[in-house]
Amino acid sequence: MTQKEEAENMEIRTLRAEDNPTIERIIRECLIEFGGNREGLAWEDDSLSALSAFYEGKDREYWVAIEEGRLLGGCGIAPFADSQEVCELQKMYLIAEARGTGAAGMLMRTALDFAAQHYRHCYLETLNTMKAAHRFYRKHGFRELDGPLEGTEHYACDAWYMRPLRQGRTARRVGEMGSSVFSQVFAWQEEAKRLGRDLINLSIGTPDQSPAIEIRQALSRAVLKEDAYSYPGTWGSPQFREQAAAWMKHRFGVEVDPAVQVLPLMGSQDGLAHLAQAICDPGDLAMVPDPGYPIYAGALKLAGVQAHLLPLRREHGFLPNLDDIPEEAWARARFMLVSFPGNPIGARADEAYLTKLIALARKWDVLLVHDLAYSELGFDDYRPMSVLQFPGASDIAVELHSCSKSFNMPGCRVGFLTGNTEAVAALRELKGHLDFGVFAPVQEAAVEAFRLAMAAPEGDRGVAPLYERRRDVFVEALAQEGWVVDQPAATMFLWVELPEPFRRGGRAGSASRFARELVLETGVAVIPGEAFGAEGEGYVRIALVREEEALREAARRIGRFIRGEQ
């Protein structure tokens, strides 16, 4: 077996408190990067315990490399001397059998990718006698220092290295905004192409259909107007706000005032990215779902707002368990962000659930922020509801809508925020300092999209039937291949638990390994669940963004992969 083939059989796993014995085994029985565990060296000192509790926290982790059940080695990242700028790489501990497997490189990439999200530099110490280790660290961009950094407590090592993790002037909060998994998936796709795989990309949720011809014609006419190129203004055109309000009335029976309750956005993500800055101060708290669309937590990082995560689990229908939210969180929270149906999970919230949620938000005076970007992608008998349908909800709620998925207009970047007047005004005020509104011709295209939806025959469901057919075709095809998955009630995504042989006990990294091996062997690209939060481990998100025959072919390839067939 080649080194590349061996590396593909390897799992990089994040450890937690229950793994203390495993870490102790690494420290006391393994070699340090091809060096010798000679008598008298530091790791044999009983005072140098490496319990995993030391590695628990957002700024520290410990990983191990596992191959077919064998522990090959591990490494960790932790703050150096309480510095917020420098982390310490807790060396590379490898057993002799790890040589030539690529474990060291995979562990190093994992550690540095994590470290780059939290620190500016990575520091490490090693023994001058370990020549292979020195070659390895230099290969990975570490430069040797003249002496140890101030604050070092380790004296067994006599060589010190430093590596910049983030060049230039990038703020730490930018590195902390989102998961690196998406960039990894893109890299895996590029590697699959180099291997000659025919790519079926089911990773990114972008519609593969064009907007209706009437929408494109409206945009074409608008861009030819001589007066279309002035600043559009943050409030947007009266026509856009009035048509958006009319659509809310038509679709949900909701009355909103277009003069003060509708704010056009450059897509709903624009609003999601900026709302926390408009209504919160640094140090405030907000509640967001886990797993959730990455900008939910990323926006809080930008605003300096603390996140209280709401776990979405199967036993509660992938909805936040309202009874589990502590009163302390309700008392501190400035807002709660929810999405029914959402991304990555198209969970269905009924009237009773939304009534209870709104009552709690009102009791605790917490702004309810409802991301309803998938309002037009409900399946079977389900049509997603607006929280603003409920009496008095506009007093404590805002809602985000998007033309991207509803009308196949993702590139136009247009949507709107509606609901609570104060929150709408706060975001408008902030955006007045950031931009001058949505390009006027794009607003005219959106006006036409709303008009078409309102003029459609009764019972017309827009884009929903397309994705419903794709859902049915793909779920059935997967079942024929031996992988039975849940049918989503809405959206363009399947949120599916890994096949039994790939679950690895639900440990961290299992979905990433599955997704990586899947695309490299078959060309089918999906997103590992951990890209959306810790609760996503053990799941993958699959986007229904290809035609039915491509989905059937993807299912056939996935089936062969699961069965271990070439």
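The model shown is predicted, which means the values in this text are computed figures rather than measured ones. (Residues numbered from 1 in each chain as written. Predicted model: local features only at pLDDT ≥ 70, side-chain atom pairs only at ≥ 80, totals over all residues. Heavy atoms only, no water.)

Some details on the overall build of the protein
Right, on to step 1. A tally of regular secondary structure across the protein gives 18 helices and 20 strands.
Right, on to step 2. Within the protein, buried positions represent 55% of all 566 residues.
Right, on to step 3. Sequence separation of 24 or more characterises 73% of the internal contacts of the protein that already satisfy a separation of 6 or more.
Right, on to step 4. Accessible area of the protein: about 24,800 Å², with a carbon and sulfur share of 49%. (Helix = DSSP H or I, 4+ residues; strand = E, 2+ residues; numbered from the N terminus. Buried < 20%, exposed > 50% of the residue type's maximum accessible area, 1.4 Å probe, protein only. Contact = heavy atoms within 4.5 Å. Areas by Shrake-Rupley, 256 points an atom, 1.4 Å probe, with all protein chains shown as cover.)

A word on the pairing of strand E4 (residues 70–79)
Right, on to step 1. Where burial is concerned, most of E4 is hidden: nine out of the ten residues are buried.
Right, on to step 2. Pairing of strand E3 (residues 61–67) with E4, which is carried by seven bridges, proceeds in the antiparallel orientation. Among the inter-strand pairings, Glu67 is bridged to a residue of E4, identified as Arg70.
Right, on to step 3. Between E3 and the antiparallel strand that follows it, E4, lie two residues; Glu68 among them carries a positive phi value of about 50°. (Pairing = 2+ DSSP bridges.)

A look at the nonpolar core
Right, on to step 1. Core analysis: the largest hydrophobic core is formed by 104 residues, its most contacted members being Met336 and Phe474.
Right, on to step 2. Dropping the residues within four chain positions of it, Phe474 is found in contact with Leu202, Leu494, Ile542, Leu544, Leu551, Ala554, Ala555 and Ile558. (Core = buried A, V, L, I, M, F, W, Y, C linked by side-chain atoms within 4.5 Å.)

Some thoughts on the confidence of the model for the protein
Right, on to step 1. Per-residue confidence for the protein averages 88 on the pLDDT scale, and 87% of its residues sit at or above 70.
Right, on to step 2. Contacts of residues 1–7 to residues separated by more than four positions or lying in other chains number 13 contacts, the stretch itself having pLDDT below 50.
Right, on to step 3. In the predicted structure, residues 31–50 sits below a pLDDT of 50 and forms 52 contacts with residues beyond four places in sequence or in another chain. (pLDDT = per-residue confidence, 0-100.)

Observations regarding the sheet that holds strand E19 (residues 527–528)
Right, on to step 1. Pairing is antiparallel across the open sheet formed by three strands, whose spatial order is E17-E20-E19. Across the chains shown, the open sheet's two edge strands, defined by having one partner strand only, are strand E17 (493–497) and E19.

Digging into helix H17 (residues 510–522)
Right, on to step 1. With 13 residues, H17 should reach 18 Å at 1.5 Å per residue; the first-to-last C-alpha distance of 18 Å fits that figure.
Right, on to step 2. Of all the 13 residues making up H17, twelve are buried; the element is thus mostly covered by neighbouring parts of the structure.
Right, on to step 3. Taken as a whole, H17 has its buried residues at Ser510, Ala511, Ser512, Arg513, Phe514, Ala515, Arg516, Glu517, Leu518, Val519, Leu520 and Thr522.
Right, on to step 4. Two residues or fewer after H17 comes Gly523, characterised by a positive phi angle close to 85°. (Expected span 1.5 Å × (residues − 1).)

As for empty space enclosed by the protein
Right, on to step 1. Counted by the stated rule, this structure contains five cavities of 30 Å³ or more.
Right, on to step 2. One number sums up the size of the largest cavity: a volume of about 120 Å³.
Right, on to step 3. Forming the boundary of the largest cavity are 16 residues, of which Pro289, Pro291, Leu312, Ser339 and Gly342 lie nearest the centre.
Right, on to step 4. Here the residues of the lining of the largest cavity are counted per class, giving twelve nonpolar, four polar and no charged.
Right, on to step 5. Volume-wise, the second largest cavity comes out at about 50 Å³.
Right, on to step 6. Residue lining of the second largest cavity: Gly271, Leu272, Leu275, Ala276, Tyr296, Ala299, Leu300, Phe335, Leu337 and Val369, and that is the complete set.
Right, on to step 7. For the lining of the second largest cavity, the element with the highest residue contribution is helix H9 (residues 268–279), accounting for four residues.
Right, on to step 8. Partitioning the lining of the second largest cavity into residue classes produces nine nonpolar, one polar and no charged. (1 Å grid on protein atoms, 1.4 Å probe; cavity = no way out; pocket = protein on both sides within 12 Å on 5 of 7 lines; lining within 4 Å. Points joined across faces, edges and corners; volume = space filled by probe spheres on them. Nonpolar A, V, L, I, M, F, W, Y, C, P; charged D, E, K, R; others polar.)

Some words on the pattern of salt bridges
Close approach of charged atoms allows side chains of opposite charge to pair.
Right, on to step 1. This structure, assessed with the given rule, holds 31 salt bridges.
Right, on to step 2. Residues Glu85 and Arg120 are paired through a salt bridge, measuring 3.0 Å at the closest nitrogen-oxygen approach. A residue pair is termed long-range when its members are at least 10 positions apart, and Glu85 in the loop between E4 and strand E5 (86–94) and Arg120 in the loop between helix H3 (103–116) and strand E6 (121–126) qualify at 35 residues.
Right, on to step 3. The exposure class of Glu85 is partly exposed, given its relative accessible area of 33%. (Salt bridge = Lys/Arg side-chain N within 4 Å of Asp/Glu carboxyl O.)

Notes on the packing of aromatic side chains
Right, on to step 1. Taken as a whole and assessed by the stated rule, the structure comprises 26 aromatic pairs.
Right, on to step 2. The interplanar angle of 90° and the centroid separation of 5.7 Å between the aromatic rings of Phe182 and Phe532 together place this pair among those described as edge-to-face. Residue Phe182 is found in helix H6 (residues 181–194), and its partner Phe532 is found in the loop between E19 and strand E20 (539–543); the two are separated by 350 residues along the sequence.
Right, on to step 3. Seen in terms of ring centroids, Trp495 and Phe532 are 6.1 Å apart; in terms of plane orientation they differ by 80°. Their pairing is edge-to-face. A residue pair is termed long-range when its members are at least 10 positions apart, and Trp495 in strand E17 and Phe532 in the loop between E19 and E20 qualify at 37 residues. (Phe/Tyr/Trp six-rings, centres within 6.5 Å; stacked < 30°, edge-to-face > 60°.)

Quick word on the sheet that holds strand E10 (residues 262–265)
Right, on to step 1. Read across the sheet, seven strands follow the order E10-E16-E15-E14-E13-E11-E12 without closing on themselves; strand pairing throughout is mixed. Unpaired on one side and paired on the other, E10 and strand E12 (306–311) mark the two borders of the sheet. Direction aside, neighbouring strands of the sheet carry axes that sit 20° apart on average.
Right, on to step 2. As defined by bridge partners, strand E11 (residues 285–290) adjoins E12 across six bridges and the pair is classed as parallel. If you follow Leu285 over to E12, its bridge partner there is Gln306. (Axes fitted to C-alpha atoms, helices over the stretch in contact; angles between N-to-C directions.)

Points about the environment of Ala133
Right, on to step 1. Structurally, Ala133 is set in helix H4 (residues 131–139).
Right, on to step 2. Take Ala133: its relative accessible area is 0%, and that puts it in the buried class.
Right, on to step 3. The sequence separation of Ala133 and Met92 amounts to 41 residues, and the corresponding C-alpha distance is 8.7 Å.

Quick notes on unusual backbone geometry
Right, on to step 1. In this structure, the amide linkage connecting Phe340 to the following residue, Pro341, adopts the cis form with an omega of 0°.
Right, on to step 2. Among the secondary structure elements, Pro341 is positioned in the loop between strand E13 (333–338) and helix H12 (351–364).
Right, on to step 3. Here the bond from Asn343 into Pro344 is cis, since omega is 20°, no more than 30 degrees from zero.
Right, on to step 4. Following the sequence through the fold, Pro344 ends up in the loop between E13 and H12.
Right, on to step 5. Positive phi is not limited to glycine here, since Phe318 has a value of about 60°.
Right, on to step 6. Structurally, Phe318 is set in the loop between E12 and helix H11 (327–332).
Right, on to step 7. For Phe318, a relative accessible area of 12% corresponds to the buried category.
Right, on to step 8. For Arg413, which is not glycine, the phi torsion reads 55° and is therefore positive.
Right, on to step 9. If you trace the backbone, Arg413 turns up in the loop between helix H13 (403–406) and strand E16 (415–419).

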